[in-house]
Number of protein chains: 2
Amino acid sequence: MATAGAGRRAVMDLPHRQVQTPVFMPVGTAGSVKAVPQHLLEALGAQIVLGNTYHLYLRPGHEVVRRMGGLHRFMSWPRGLLTDSGGFQVFSLNELRKVSADGVEFRSHLDGSTHQFSPERSIEIQIALGADILMVFDECTEYPADRQRARRSLDLTLEWARRSKQYFEAHKHEVPWHKEFGGRTQSLFGIVQGGMYPELRRESAERLVEMDFPGYAIGGLSVGEPRELTREIVAATLPLLPADKPRYVMGVGYPDEIVEYAKMGVDMMDCVLPTRAARHGLLFTSEGRLNIKNRQFAEDQEPPDPNCRCLVCARYTRAYLRHLMVSAEPLSAVLNTLHNLAFYLDTMARMRESLGRGIPPLSPTAVRAGARAE
Amino acid sequence: MATAGAGRRAVMDLPHRQVQTPVFMPVGTAGSVKAVPQHLLEALGAQIVLGNTYHLYLRPGHEVVRRMGGLHRFMSWPRGLLTDSGGFQVFSLNELRKVSADGVEFRSHLDGSTHQFSPERSIEIQIALGADILMVFDECTEYPADRQRARRSLDLTLEWARRSKQYFEAHKHEVPWHKEFGGRTQSLFGIVQGGMYPELRRESAERLVEMDFPGYAIGGLSVGEPRELTREIVAATLPLLPADKPRYVMGVGYPDEIVEYAKMGVDMMDCVLPTRAARHGLLFTSEGRLNIKNRQFAEDQEPPDPNCRCLVCARYTRAYLRHLMVSAEPLSAVLNTLHNLAFYLDTMARMRESLGRGIPPLSPTAVRAGARAE
């Protein structure tokens with residue numbers, strides 16, 4: 001059992017991939033990690049990619065994806081996939097939404113058409129998409145939120161978690177690859193909410209754990225709160241979650257943050273930062289951040305990161321990457337993203353090495369065992 | 001000596017690459033074949049890529065490229081490169097230009113600043129860029145042009161060809177990689193003009209051949225004339241060019257056109273079509289063209305071209321490529337371009353095979369022999 005402080009190394013046995021944890025999950029919003037061909041994503045060592053239910057529901061539509069055999073087949077990605085519940089995106093729409101106990105009514109950012117997400121609808125969509133891991137439909141509590149508001153939001157989220165689980169249990173065999181994978185199913189993760197109130201986080205965690213999910217996420221973070229507060233909430237919540245199940249902090253973070261969280265015992269993280277920043281010319285390196293657009297790089301013959309072994313750093317100079325960015329060449333996003341993802345994924349690979357030989361497999365294995373016993 | 005009809009297979013021994021001809025050259029306008037990383041361009045079998053002098057002069061500037069070691073180093077492309085003279089682009093600027101016997105004054109499409117290209121200036125820039133092949137500065141005669149106009153334009157072009165050659169001979173040792181390649185130099189190609197008048201084309205070709213260039217291009221085509229007229233002019237001009245030197249038709253064409261020209265004895269072609277069309281969703285296949293945006297492909301599980309062995313056709317469906325295009329995903333341009341280039345390059349590879357064992361090397365070999373003798 002290998003842990004460094006509270007950090008731990010393990011394996012999460014998903015239907016499409018044995019995922020080595022702690023793991024960073026690149027975001028592939030609409031069925032593509034933006035600008036990166038899948039074979040290069042494989043070469044980078046990406047083990048599991050996140051898809052956004054809200055986007056895929058609107059385009060191409062979950063029924064299309066289901067008929068194409070699920071998201072793995074549709075995007076030709078043979079490794080792990082996780083879908084969010086759509087909740088975070090819908091709540092980010094601001095004026096475009098109307099919340100009730102039953103769910104959320106919202107308007108598409110694409111064409112203004114009206115749609116409804118409920119816990120049942122979110123799980124139905126996520127089963128059609130067929131990621132290895134799906135998430136309960138939750139209300140992501142905004143920041144700041146007073147105690148009463150955070151409390152109400154927490155109660156709603158717990159009720160929605162119950163309904164999500166109930167729908168999932170009744171329909172989990174409908175996942176497109178159910179037969180192909182010997183009767184295995186997806187794993188539905190719970191999400192801890194509770195705003196920035198440790199006692200609400202405790203209540204949320206305890207009531208979720210009673211419902212018995214195969215993995216738990218800490219949601220409602222990176223919503224504008226100070227970074228130190230994010231860390232405090234994560235630190236206060238982690239010990240409340242079962243040690244033998246994966247623990248996922250959603251939406252973080254900067255390279256030093258993902259290292260810090262891995263050391264605290266977080267197993268899974270995702271963030272748009274490496275991919276989105278790349279498209280704006282922000283490169284993460286072992287020597288800090290580079291804004292590759294800056295004039296100072298116009299004749300810089302160094303690779304983006306002299307300590308990086310990725311295919312971008314092996315071949316291209318800062319001067320060339322700056323030229324591509326300034327000239328709005330489409331290759332700019334490709335190369336910047338490849339480097340940033342390499343930096344994130346290598347950071348986590350080194351973290352896993354530093355954590356030694358590993359603890360026993362995390363719980364989605366049990367999901368398989370359960371499926372086999374049926 | 002392998003020729004099929006007038007078509008011929010040969011080798012062109014450039015400093016950076018032994019180029020198998022007939023060859024199609026992808027266009028890398030600003031130092032990047034749009035959306036394609038260089039290692040994938042190598043994997044596609046691209047032997048030589050075209051750079052645009054006008055664009056590289058404006059951004060990042062030829063002096064920057066020279067200080068970075070030339071265009072090969074700057075863009076990390078170890079194989080063949082060819083630069084155009086900037087003439088075609090400058091003459092495409094319409095109101096932004098002013099032509100005199102000395103050269104062309106024009107305004108940058110980027111910031112409106114005023115610049116001057118002359119034969120000497122164009123060659124100076126092209127030596128700094130350091131492509132394996134550079135082109136004389138020519139006036140690309142517009143279509144339609146009456147006989148008098150085509151005649152004047154032809155005379156100007158021939159005078160500019162003379163000045164281009166004179167400047168090149170005096171400065172050819174300044175190419176950035178001159179020492180690194182054992183004293184080899186670039187090869188300066190002449191360009192036949194003459195509008196759509198066969199007798200003017202003849203005069204242009206004869207007077208150019210007297211000047212003795214290591215290769216000859218047929219320019220002033222694909223400027224709006226009917227396709228049959230292009231073919232006629234090419235057919236009338238080719239026999240006027242020396243059989244032991246490369247013959248290059250600039251700016252063509254569609255897949256069936258490049259096949260036709262190769263069969264007529266054209267050795268080199270370039271065109272933005274496969275790359276530009278890709279970004280607009282037009283895919284070339286063995287079964288014809290696909291507009292991948294079309295709704296009919298929304299659930300089409302076939303690869304773009306069932307007869308193609310490229311990495312796109314091996315892995316992705318039309319449904320997925322349509323989704324990427326409709327969703328404006330940056331991966332769309334990457335994958336569409338990879339396929340179209342694979343289709344063009346494979347078409348030429350098959351053409352070379354059908355042409356048998358090949359004729360003796362084309363003339364840039366003599367350029368090397370000459371350099372060695374110095």
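Residues numbered from 1 in each chain as written. Chains lettered and ligands numbered in written order. Predicted model: local features only at pLDDT ≥ 70, side-chain atom pairs only at ≥ 80, totals over all residues.

A. Layout of the pairing of strand β17 (residues 288-291) of chain B. Residues and elements named next belong to chain B. Bridge count for strand β16 (residues 282-285) against β17 is four bridges, and the pairing is antiparallel. By the bridge assignment for β17, Phe284 is matched with Arg289. Connecting β16 to the next strand, β17, in antiparallel fashion are two residues. (Pairing = 2+ DSSP bridges. Helix = DSSP H or I, 4+ residues; strand = E, 2+ residues; numbered from the N terminus.)

B. Looking closely at the relation of the copies chain A and chain B. Once turned by 180° and shifted 0.0 Å along the axis, chain A lies on chain B with an RMSD of 0.0 Å. What the superposition gives is, in effect, a two-fold axis relating one chain to the other. Closest to the rotation axis within chain A is the C-alpha of Pro330 of chain A, separated from it by 3.8 Å. Comparing contact sets, 100% of the residues at the interface of chain A also lie at the interface in chain B, consistent with an isologous, same-surface contact. (Least-squares fit on C-alpha atoms with pLDDT ≥ 70 in both. Contact = placed C-beta atoms within 7 Å.)

C. Representation of helix α9 (residues 227-237) of chain B within the structure. Residues and elements named next belong to chain B. All buried positions along α9 are accounted for by Thr230, Ile233, Val234 and Thr237. Seen along its axis, α9 keeps its buried residues to an arc of 100°; they face one direction. Buried-residue contacts for α9 involve β12 (187-192), α8 (198-211), β13 (216-218), β14 (247-249) and α10 (255-264). (Buried ≥ 20, exposed ≤ 12 C-beta atoms within 10 Å, placed from the backbone. Arc of directions from axis to C-beta.)

D. The sheet that holds strand β10 (residues 114-117) of chain A, seen in detail. Residues and elements named next belong to chain A. Reading across the sheet, the three strands line up as β8-β9-β10 and stay open at both edges, with antiparallel pairing between neighbours. A single partner strand is all that each edge strand has here, and the edge strands are β8 (97-99) and β10. Across the sheet, the axes of successive neighbouring strands diverge by a mean angle of 15°, strand direction being ignored. As paired strands, β8 and strand β9 (residues 104-107) are joined by three bridges and run antiparallel to one another. Counted as the bridge partner of Val99 is Val104 from β9. (Axes fitted to C-alpha atoms, helices over the stretch in contact; angles between N-to-C directions.)

E. View of the confidence of the model for chain A. Residue and element names in this part refer to chain A. In this model, chain A carries an average pLDDT of 93, and 95% of its residues clear a pLDDT of 70 or more. When the criterion is pLDDT under 50, residues 365-374 qualifies, and its contacts beyond four places in sequence or with other chains add up to 11 contacts. Confidence estimates for the predicted assembly give a pTM of 0.95 and an ipTM of 0.95. (pLDDT = per-residue confidence, 0-100.)

F. The arrangement of the sheet that holds β14 of chain B in detail. Residue and element names in this part refer to chain B. In spatial order, the strands read β5-β15-β14-β13-β12-β11-β7-β6; together these eight strands make up an open sheet with parallel pairing. Every other strand in the sheet has two partners, leaving β5 (23-25) and β6 (48-51) as the edge strands with one partner each. In this sheet, neighbouring strand axes are inclined to one another by 25° on average, regardless of whether the strands run parallel or antiparallel. Judged from the three bridges that link them, β12 and β13 form a sheet pairing that is parallel. In the strand pairing of β13, Ile191 is matched with Ala217.

G. How the structure looks around the packing of helix α7 (residues 147-171) of chain B against α8 of chain B. Residue and element names in this part refer to chain B. Viewed as axis vectors pointing N to C, α7 and α8 meet at an angle of 10°, and their least axial separation amounts to 11 Å. Of the possible angle classes, the one that applies to α7 and α8 is roughly parallel. Seen from α7, the contacting residues are Ala150, Arg151, Leu154, Leu158, Ala161, Arg162 and Lys165; seen from α8, they are Leu200, Glu203, Ser204, Arg207, Leu208 and Met211. When the residues that make up the contact of α7 with α8 are grouped by side-chain class, the tally is seven nonpolar, one polar and five charged. (Parallel < 35°, antiparallel > 145°, perpendicular 65-115°, else oblique. Nonpolar A, V, L, I, M, F, W, Y, C, P; charged D, E, K, R; others polar.)

H. The arrangement of the environment of Val252 of chain A in detail. All names here are of chain A. Along the chain, Val252 turns up in the loop between β14 (247-249) and α10 (255-264). Considered as a pair, Val252 and Ala6 are 246 residues apart in the sequence and their alpha carbons are 18 Å apart. With near-sequence residues (within four places) excluded, Val252 lies in contact with Leu221, Ser222, Glu257, Ile258, Tyr261, Met269 and Cys271.

I. Main features of the pairing of strand β12 (residues 187-192) of chain A. Residues and elements named next belong to chain A. With six of its six residues buried, β12 lies for the most part within the structure. The alternating pattern of β12 places Ser187, Phe189 and Ile191 and Leu188, Gly190 and Val192 on opposite faces, both of which are buried. Handedness of the β-α-β unit built from strand β11 (residues 133-135), helix α7 (residues 147-171) and β12 comes out right-handed. For the crossover from β12 across helix α8 (residues 198-211) to strand β13 (residues 216-218), the handedness is right-handed. (Right-handed = clockwise from strand over helix to strand, strands pointing away.)

J. Summary view of unusual backbone geometry. Residue Pro60 of chain A is reached from Arg59 of chain A by a cis peptide bond, and omega for that bond is 10°. The topology assignment puts Pro60 of chain A in the loop between α2 (53-58) and α3 (62-67). At the junction of Tyr143 of chain A and Pro144 of chain A, the peptide bond is cis and its omega measures out at -5° in the coordinates. For Ala35 of chain B, which is not a glycine, the phi torsion comes out positive at approximately 80°. Secondary-structure assignment places Ala35 of chain B in the loop between β5 and α1 (38-43). Since 25 C-beta atoms lie within 10 Å of it, Ala35 of chain B is described here as buried. The backbone phi angle of Ser222 of chain B is positive, close to 55°, even though this residue is not glycine. Residue placement: Ser222 of chain B occurs in the loop between β13 and α9. For Ser222 of chain B, a count of 17 C-beta atoms within 10 Å translates into the label partly exposed.

K. A look at the domain arrangement of chain A. Residue and element names in this part refer to chain A. For chain A, the domain assignment lists domain 1 (3-271) and domain 2 (279-339). Centre-to-centre separation of domain 1 and domain 2, based on C-alpha positions: 31 Å. In this complex, domain 1 contributes five residues to the contact, which on the side of domain 2 involves six residues. Of the residues in the side of domain 1 that touches domain 2, the class split is four nonpolar, no polar and one charged. (Domains from an automatic or database assignment.)

L. Structural detail: α10 of chain A. Residues and elements named next belong to chain A. Here α10 has its buried residues at Pro255, Glu257, Ile258, Tyr261 and Ala262. Summarising the axial view, the buried residues of α10 lie within an arc of 160°, below the 170-degree limit, and thus occupy one face. Two residues or fewer past α10, Gly265 is found with a positive phi of approximately 110°.

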